[in-house]
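Now for the letters of each chain:
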Amino acid sequence: MTPVSHSVFGFAAGFILSGITAKAKLSRRRTVILCTAGAVLPDLDAVWLVLDKEIYYGLKWFSHHAVLHSIFGVAIIALIAAILFQPKLTFHAKDSRQAFIKWMASFFVLFSGGLLHLPCDMITLPGVWEGLPIFAPFSWDRFGGWAHMPWRDFYFICFSLCTYFVFSLIWLCEYLFKKKTIIIPILAALMLSYSTYYFYNSRFTSTIAWENNQKELVGEDIYFFAKKFEKQIFRLWNMKTIF
Ligand SMILES: [Zn+2]
């Protein structure tokens, strides 16, 4: 899945989780930011695309879709990120119980965002890695490819951008009118349900079938624009054009 789509899952989940983290005095804004960041961080291993393609497309423990795409890896990233994002809370945790609870809430949000990343990648085709080793380093069995669709989906990128726009607009109105409502958490739950439904019902047997479906969903203009953009990305990083 693309970073835009991963991030929107974290963004939406952050609003729902803010109902829980409010008890730890972690603000809605911080919860949403941490959850969005957590949902994108496992793709830090995509840095190999720029540094070393053999490692990126390889099966080393630190390649793309390797240890950082496991439950253990997600927990480690969340731990490091919680220390980096909340240094004050981390180092004063012993002094104050409240600070420690707040820090734990930050870790929980980052970890939840990271966990969301895994099914989102398992939905798409397994690629050269043949899925994700979600139980690494304890077991390197790989899982994925449930929906038989490529890692980039033009329709879902458009849907993600619309979600960002609508949620931000409502959030801005709430801020201006100084009134916090549950409209966004409700919309977030609907958005996550719809996304799950969409992905589980998207199964394509070929590139052509997927491309025709995308053309139908987003219209020819957006489709050809996205196709041009995709070509540039693939050329820029010399990526394998696997379906
Ligand atoms: Zn990923």
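Figured I'd write up the structure that's included with this text.

**Overview of the overall build of the protein chain**
Reasoning step 1: Across its full length, the protein chain carries 11 helices and 0 strands.
Reasoning step 2: Mapped from its N terminus to its C terminus, the protein chain presents α and β elements in the order α-α-α-α-α-α-α-α-α-α-α.
Reasoning step 3: Taken over the C-alpha trace, the protein chain has a radius of gyration of 19 Å; the compact-globule value for 243 residues is 18 Å, and the two agree within 12%.
Reasoning step 4: Its C-alpha atoms give the protein chain principal-axis dimensions of about 55 × 45 × 30 Å.
Reasoning step 5: Burial status across the protein chain gives 35% buried among its 243 residues.
Reasoning step 6: Within the protein chain, contacts between residues separated by at least 24 positions form 69% of all contacts whose residues are at least 6 apart in sequence.

**Section: unusual backbone geometry**
Peptide bonds are mostly trans, and most non-glycine residues show a negative phi.
Reasoning step 1: With omega at 0 degrees, the peptide bond leading from Ala136 into Pro137 counts as cis.
Reasoning step 2: One non-glycine residue with positive phi stands out, namely Lys25, at about 65 degrees.

**Brief notes about helix α9 (residues 183–200)**
Reasoning step 1: Relative to the 26 Å expected for 18 residues at 1.5 Å per residue, α9 spans 26 Å between its end C-alpha atoms, a close match to the ideal helical length.
Reasoning step 2: Every buried residue belonging to α9 is among Ile184, Ala188, Met191, Ser195 and Phe199, and all of these are buried. The arc that holds every buried residue of α9, seen down its axis, measures 65 degrees, which confines them to one face. Looking at α9, the residues exposed on the side facing more than 90 degrees away from the buried face are Ile186, Leu190, Ser193, Tyr194, Tyr197 and Tyr200.
Reasoning step 3: Each element contacted by the buried residues of α9 is listed here: α1 (3–21), α7 (97–123) and α8 (154–176).

**Observations regarding the packing of α1 against α8**
Reasoning step 1: Their axes nearest at 9 Å, the elements α1 and α8 cross at an angle of 35 degrees. α1 and α8 meet at a crossing whose hand is left-handed. Residues Val4, Ser5, Val8, Phe11 and Ala12 of α1 pack against Phe156, Ile157, Ser160, Thr163, Tyr164 and Phe167 of α8.
Reasoning step 2: A per-class count over the contact of α1 with α8 returns 8 nonpolar, 3 polar and no charged.

**Re the nonpolar core**
Reasoning step 1: The biggest cluster of nonpolar side chains holds 40 residues, and the ones touching the most others in it are Ala12, Ala78 and Leu110.
Reasoning step 2: Within the residue set of this core, elements represented by two or more residues are α1, α2 (28–40), α5 (71–85), α7 and α9.
Reasoning step 3: Top contributing element to this core by residue count: α7, with 11 residues.
Reasoning step 4: For Leu110, the contacting residues outside a window of four places in its chain are Leu34, Ala37, Gly38, Ala78, Ala81 and Ala82.

**Points about α8**
Reasoning step 1: With 23 residues, α8 should cover 33 Å at 1.5 Å per step; its first-to-last C-alpha distance of 33 Å lies within 8% of that length.
Reasoning step 2: Of all the residues in α8, the buried ones are Phe154, Phe156, Ser160, Thr163 and Phe167.
Reasoning step 3: In this fold, the buried residues of α8 make contact with α1, α9, α10 (207–218) and α11 (220–236).
Reasoning step 4: Lys178 sits one or two residues past α8 and shows a positive phi near 50 degrees.

**Observations concerning the environment of Ser7**
Reasoning step 1: Here Ser7 shows up in helix α1.
Reasoning step 2: With 110 residues separating them along the chain, Ser7 and His117 place their C-alpha atoms 8.8 Å apart.
Reasoning step 3: The contact partners of Ser7, leaving out residues within four places of it in the chain, are Thr36, Ala39 and Val40.

**Here's the deal with the packing of α8 against α10**
Reasoning step 1: For the pair α8 and α10, the least separation of the axes is 8 Å and the interaxial angle reads 30 degrees. Seen from α8, the contacting residues are Phe154, Tyr155 and Cys158; seen from α10, they are Gln214, Leu217 and Val218.
Reasoning step 2: In the contact of α8 with α10, the residues fall into 5 nonpolar, 1 polar and no charged.

Reading the values: the criteria
Residues numbered from 1 in each chain as written. Predicted model: local features only at pLDDT ≥ 70, side-chain atom pairs only at ≥ 80, totals over all residues. Helix = DSSP H or I, 4+ residues; strand = E, 2+ residues; numbered from the N terminus. Rg over C-alpha atoms; globule rule 2.2 N^0.38 Å. Buried ≥ 20, exposed ≤ 12 C-beta atoms within 10 Å, placed from the backbone. Contact = placed C-beta atoms within 7 Å. Expected span 1.5 Å × (residues − 1). Arc of directions from axis to C-beta. Axes fitted to C-alpha atoms, helices over the stretch in contact; angles between N-to-C directions. Left-handed = near helix turned anticlockwise from the far one by under 90°. Nonpolar A, V, L, I, M, F, W, Y, C, P; charged D, E, K, R; others polar. Core = buried A, V, L, I, M, F, W, Y, C linked by C-beta atoms within 7 Å.

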